[in-house]
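# An overview of the molecular structure
Spelled out from the first residue to the last, the chains are:
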Amino acid sequence: MSEHQSLVGARSSVVRPMIGIYDFSYSPYALGDALTWTMNLNVSAAAAGCDAIDQYLVIDPSKPGSRSQPFVNPHNYVSVIDNLFPAFLCSPMLRSFKLFRHAPGFNLFLLREVVRRRPMWPSFFSHLNKKLDFISHRHINAFYDAHGYLPWLTVPRGYGAWADAFRRTHCGGRFVVAVNIRQGALSLTPANLYRDSPLPEWHAFIRRAAVRHPDVLFLILGGYTEWDREMIRLPNVLIPRAMGFGLGHELALLHRANLFMGSSSGFAAMATFCNKPYLITNVQHLFSQYIGVPVGARHYPFGNENQILYWEKESQDVLLEFFEELHARLRGKPAS
């Protein structure tokens, strides 16, 4: 090999990493926000020409929660962050992951990286001012308009082989639908109950689907307290949490499913940003201004015909109609 070829090979193997910052003093403990942040981080890294991401979570043990989440306190924050942790493992460019529990020390570390001209998102000054555009799709839509693709979320690091084995063992080649029925009223921290889904309508839909489409298996996702025990008795339903699994397993199963159906909540963000066929129901009209989609529009700017937004409360008839539309198009195709 010539000296020139050696130099070219060395340059092509150089890693250009981006720093990702998620500070819980101003960022929420929320699945959807964590996944949207990761997608914004992916887009920022791709736009900057970076090929790796070093993620940093920052938490002050004495004041672990923001003003909007006072229920996170020094006594329970460890379990809260442990439950949310797999949501931060879904970037295809993830190289390292660190947790800082001393904010001043982390800021000094960032200042050193600024001097070294390390790219980071959010910017150093946005972080110091506690400003993070973690809700909107502004950067995501702009990147898609400019490049025609998105750097999609992946299975949480380390869960892919497990998800494949689960499908082989428990799904038997059936058409798998990952479902999240938002039930904040049943959660340990009830909030925004107006966003909850009508549980009886989902029960009726799943029963009807069992008769009309016996090839379909529904995987019910969500916290252990957030699903009704009647679900476990339905013949076409599996509940991963009831089998002893956690959030990382659920996100991996969603990624491997043929279809996602659920309310506009945390799991819907995973379906949206891993390019999964989906029906997302009860999309908040207020959300329109953050995602760049008019109220009533059927798709995101980067969505396709198998990725449907429904802006109203769902009924069993609506669920069955959309499901049969999607099932007819997707039947016989392998999960992505």
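The paragraphs below set out a description of the structure included in this document. (Residues numbered from 1 in each chain as written. Predicted model: local features only at pLDDT ≥ 70, side-chain atom pairs only at ≥ 80, totals over all residues. Heavy atoms only, no water.)

## Structural notes on the sheet that holds strand β7 (residues 237–238)
Sheet strands pair via backbone hydrogen bonds, and the direction of the pair is either parallel or antiparallel. For the record, the criterion: Whether two strands pair comes down to DSSP finding at least two bridges between them. Helix and strand assignments follow DSSP, with helices taken as H or I runs no shorter than four residues and strands as E runs no shorter than two, numbered in order from the N terminus.
Taking strand neighbours across the sheet as the criterion, the six strands line up as β7-β6-β5-β8-β9-β10 in an open arrangement whose pairing is parallel. Because the sheet does not close on itself, it has two edges, and the strands there are β7 and β10 (307–309).

## Some thoughts on empty space enclosed by the protein
We count it as follows: Using a grid of 1 Å spacing that covers the protein atoms alone, one calls a set of points a cavity when a 1.4 Å probe fits there but cannot get out, and a pocket when the set is open and has protein on both sides within 12 Å along at least five of seven lines; lining residues are those with an atom within 4 Å of a point. Grid points are joined across faces, edges and corners, and a volume is the space filled by probe spheres set on the points. Residue classes follow a fixed rule: Ala, Val, Leu, Ile, Met, Phe, Trp, Tyr, Cys and Pro count as nonpolar, while Asp, Glu, Lys and Arg count as charged, and any other residue, Gly among them, counts as polar.
For the structure on display, the rule yields one cavity of 30 Å³ or more. Taken as a whole, the largest cavity spans an internal volume of roughly 30 Å³. In terms of lining residues, the largest cavity is bounded by Ile181, Leu199, Ile220, Leu221, Glu226, Trp227, Asp228 and Met231. Of the residues in the lining of the largest cavity, the class split is six nonpolar, no polar and two charged.

## Let's talk about the packing of aromatic side chains
Convention followed: Two aromatic rings from Phe, Tyr or Trp, using only the six-membered ring of Trp, form a pair when their centres are within 6.5 Å; if the ring planes differ by under 30 degrees the pair is stacked, by over 60 it is edge-to-face, and anything between is tilted. Exposed residues in this analysis have more than 50% of their type's maximum accessible area, buried residues have under 20%, and partly exposed residues fall in between, with area computed by a 1.4 Å probe over protein chains only.
This model, assessed by the stated rule, comprises 28 aromatic pairs. Plain terms: the ring middles of Tyr22 and Phe88 are 5.0 Å apart, the flat faces sit at 70 degrees to each other, and that makes the pair edge-to-face. One end of the pair, Tyr22, is in strand β1 (residues 17–23); the other, Phe88, is in the loop between α3 (77–84) and β3 (94–100), and 66 residues separate them in sequence. Comparing Tyr22 with Phe88 shows no difference in burial state: the two are buried. Aromatic side chains Tyr56 and Phe100 sit 6.0 Å apart centroid to centroid with 55 degrees between the ring planes, which places their arrangement in the tilted category. Note that Tyr56 is positioned in strand β2 (residues 52–58) and Phe100 in strand β3, a separation of 44 residues in sequence. On the basis of relative accessible area, Phe100 is assigned to the partly exposed category, the value being 24%. Ring pairing ties together the aromatic residues Tyr22, Phe24, Tyr29, Trp37, Phe85, Phe88 and Phe97, which thus form one cluster.

## Focus on the state of the cysteines
What counts is decided by this rule: We call a pair of cysteine sulfur atoms a disulfide when they lie within 2.5 Å.
Applying the stated criterion across every chain yields a total of zero disulfides. Just so you know, Cys50 is unpaired, no disulfide at all, and the nearest cysteine sulfur is the one on Cys90, 20 Å from it. Cys90 takes part in no disulfide bond, and the closest cysteine sulfur, belonging to Cys274, lies 8.6 Å away.

## A look at the nonpolar core
A general tendency of soluble globular proteins is for nonpolar side chains to be buried together. So the rule is basically this: Only buried Ala, Val, Leu, Ile, Met, Phe, Trp, Tyr and Cys residues count toward a nonpolar core, and they belong to the same one when joined by side-chain atoms within 4.5 Å.
Membership of the largest hydrophobic core comes to 75 residues, with the highest contact counts inside it found for Phe24, Leu35, Leu254 and Phe260. With eight residues, helix α2 (residues 31–47) is the single largest residue contributor to this core. With 28 residues, the next largest nonpolar core counts Val177, Leu199, Phe205 and Val237 among its residues.

## Details of the sheet that holds β1
Selection rule: A contact between two residues is defined here by any heavy atoms of the two lying within 4.5 Å. Throughout, an axis means a line fitted to C-alpha atoms (over the contacting stretch in the case of helices), and angles, computed between N-to-C directions, take values from 0 to 180 degrees.
The parallel open sheet is built from four strands, whose spatial order is β3-β2-β1-β4. Each end of this open sheet is capped by a strand with a single partner; those strands are β3 and β4 (120–121). By the bridge criterion, seven bridges tie β1 to β2 in an arrangement that is parallel. Across the sheet, residue Pro17 finds its bridge partner in β2, namely Ala52. With respect to the sheet, helix α4 (residues 103–115) is in contact with β1, β2, β3 and β4, its orientation differing from that of β1 by roughly 155 degrees.

Keep in mind that these numbers describe shape and distance, not what the molecule does.
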